[in-house]
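Descriptive structure summary
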Amino acid sequence: MGVVVGGLGFFWAPLTAKPPPGGSRTVGPSAFPVTVSLLLALSGLVLAGRGVLGRRRTRRLAGQERTAGGGTGADTAAGNIRQSGDSTDETVESGQPPVPWRRLALMIALFATYVLAFIPLGQPIATTAYLLATSTLIERERWLRNGCFAVVLSVAVHLTFTRLLGVELPAGLLG
């Protein structure tokens, strides 16, 4: 998967790079897709590296398990463990927590609300509210930190787009 993500990033970067009009050396809106593409490529390479290292570690652990005589190496390598006291014959993948479906549904609903409120409320207010709500949903006890994070990131995104890249974002209620 990491190779695919990295390849997409390296493929997309040259396609999005365009010289600024009039030979200007200022950073313009075209710099954003190039930056995202390069970050995508870098994250893909990191994922690929982690996958290779994880596979080596799994093989090494499976070999150690076989020599210790603690079950088949295939079960250990596949990550299958049997829960003690489990009355069913199902196996559970180790290291994979259950999917919190309620939280996932709330995140999707928050994102849909954010998309609908983006233009009427404006980028700064909508993004601050969205980030505050999602970060509080993830970690409820740290509401003050979540609020600071939401405000700082929203202002940083707004300034990056409007001042550095010259892209106007909806001002909404503030405009």
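Relevant structure appears above.
Think of each chain on its own: its residues are numbered from 1, step by step along the sequence as written. Only residues with pLDDT of at least 70 are given local features in this predicted model, and only at 80 or more are side-chain atom pairs given and counted; all residues enter the totals for whole chains, interfaces and linings. Each side-chain value is derived from all of the structure's non-hydrogen atoms; neither hydrogens nor water enter the calculation.

If you check helix H6 (residues 143-164), its first and last C-alpha atoms are 30 Å apart, about what 22 residues at 1.5 Å a residue would give, namely 32 Å. Accessible area is worked out with a 1.4 Å probe on protein chains only. A residue is then buried under 20% of its type maximum, exposed over 50%, and partly exposed in between. Strands are runs of DSSP state E lasting at least 2 residues, helices are runs of H or I lasting at least 4, and numbering of each runs from the N terminus. Looking at H6, one finds that the buried residues are Asn-146, Ala-150, Ser-154 and Thr-162. Seen end-on, H6 carries its buried residues on one side only, within an arc spanning 100°. Every exposed residue of H6 that faces more than 90 degrees away from the buried side is listed here: Leu-144, Val-152, Arg-163 and Leu-164. By the convention used here, residues are in contact when the closest approach between their heavy atoms is within 4.5 Å. At its buried positions, H6 is contacted by helix H5 (123-138). Gly-166 sits one or two positions beyond H6 and adopts a positive phi of about 70°. By definition here, a helix of n residues has an expected span of 1.5 Å times n minus one. An arc is given here, and it is the one of the directions from the helix axis to the C-beta atoms.

Two elements in contact, helix H4 (residues 101-121) and H5, have axes whose closest approach is 8 Å; the angle formed by their N-to-C orientations is 170°. Viewed along their axes, H4 and H5 adopt a mutual orientation that is roughly antiparallel. Of H5, the residues touching H4 (which contributes Arg-103, Leu-106, Met-107, Leu-110, Phe-111, Tyr-114, Ala-117, Phe-118 and Leu-121) are Gln-123, Ile-125, Ala-126, Thr-127, Tyr-130, Ala-133, Thr-134, Leu-137 and Ile-138. What counts as an axis is a line fitted to C-alpha atoms, over the stretch in contact for a helix, and the angles between N-to-C directions run from 0 to 180 degrees. For classification purposes, an angle smaller than 35 degrees is called roughly parallel, one larger than 145 roughly antiparallel, one from 65 to 115 roughly perpendicular, and anything else oblique.

Further remarks concern the environment of Leu-121. By the element assignment, Leu-121 lies in helix H4. A residue is classified by how much of its surface remains accessible, and Leu-121, at 29% relative accessible area, is partly exposed. Each C-alpha atom of the pair Leu-121 and Leu-173 lies 5.4 Å from the other, and the pair is 52 residues apart in sequence. Not counting residues within four places of it along the chain, the set of residues in contact with Leu-121 comprises Ala-126, Ala-171, Gly-172 and Leu-173.

Glancing now at the pattern of salt bridges. Salt bridge, as used here: a side-chain nitrogen of Lys or Arg that lies within 4 Å of a carboxyl oxygen of Asp or Glu. Within this structure, the stated rule accounts for 2 salt bridges. With a closest N to O distance of 3.4 Å, Glu-139 and Arg-142 form a salt bridge. Glu-139 sits in the partly exposed class, given a relative accessible area of 28%. Classification of Arg-142 by relative accessible area gives partly exposed; the value is 45%. Where Glu-139 meets Arg-145, a salt bridge forms, and the shortest distance between an N and an O atom there is 3.3 Å. For Arg-145, a relative accessible area of 41% corresponds to the partly exposed category. Each of Glu-139, Arg-142 and Arg-145 takes part in salt bridges that share partners, so that together they form one network.

Each pair of aromatic rings taken from Phe, Tyr and Trp, with Trp reduced to its six-membered ring, is defined by centres within 6.5 Å and is described as stacked if the planes are under 30 degrees apart, edge-to-face if over 60, and tilted in the remaining cases. This model, assessed by the stated rule, comprises 4 aromatic pairs. For the ring pair Phe-111 and Tyr-114, a centre distance of 6.4 Å and an interplane angle of 45° mean the geometry is tilted. With Phe-111 and Tyr-114 both in helix H4 and 3 residues apart, the pair spans about one turn of that helix. Taking relative accessible area as the criterion, Phe-111 reaches 44% and is therefore assigned partly exposed. Here Tyr-114 falls in the buried class, since its relative accessible area comes to 17%.

As a further point, take H4. Along its 21 residues, H4 runs 29 Å from first to last C-alpha, staying within 8% of the 30 Å computed at 1.5 Å per residue. The seven residues ending at a residue and the seven starting there each receive a fitted axis; the angle between those axes is the bend at that residue. Along H4, the sharpest change in direction is near 30° and occurs at Val-115. Following H4 by one or two positions, Gly-122 adopts a phi angle in the positive range, close to 95°.

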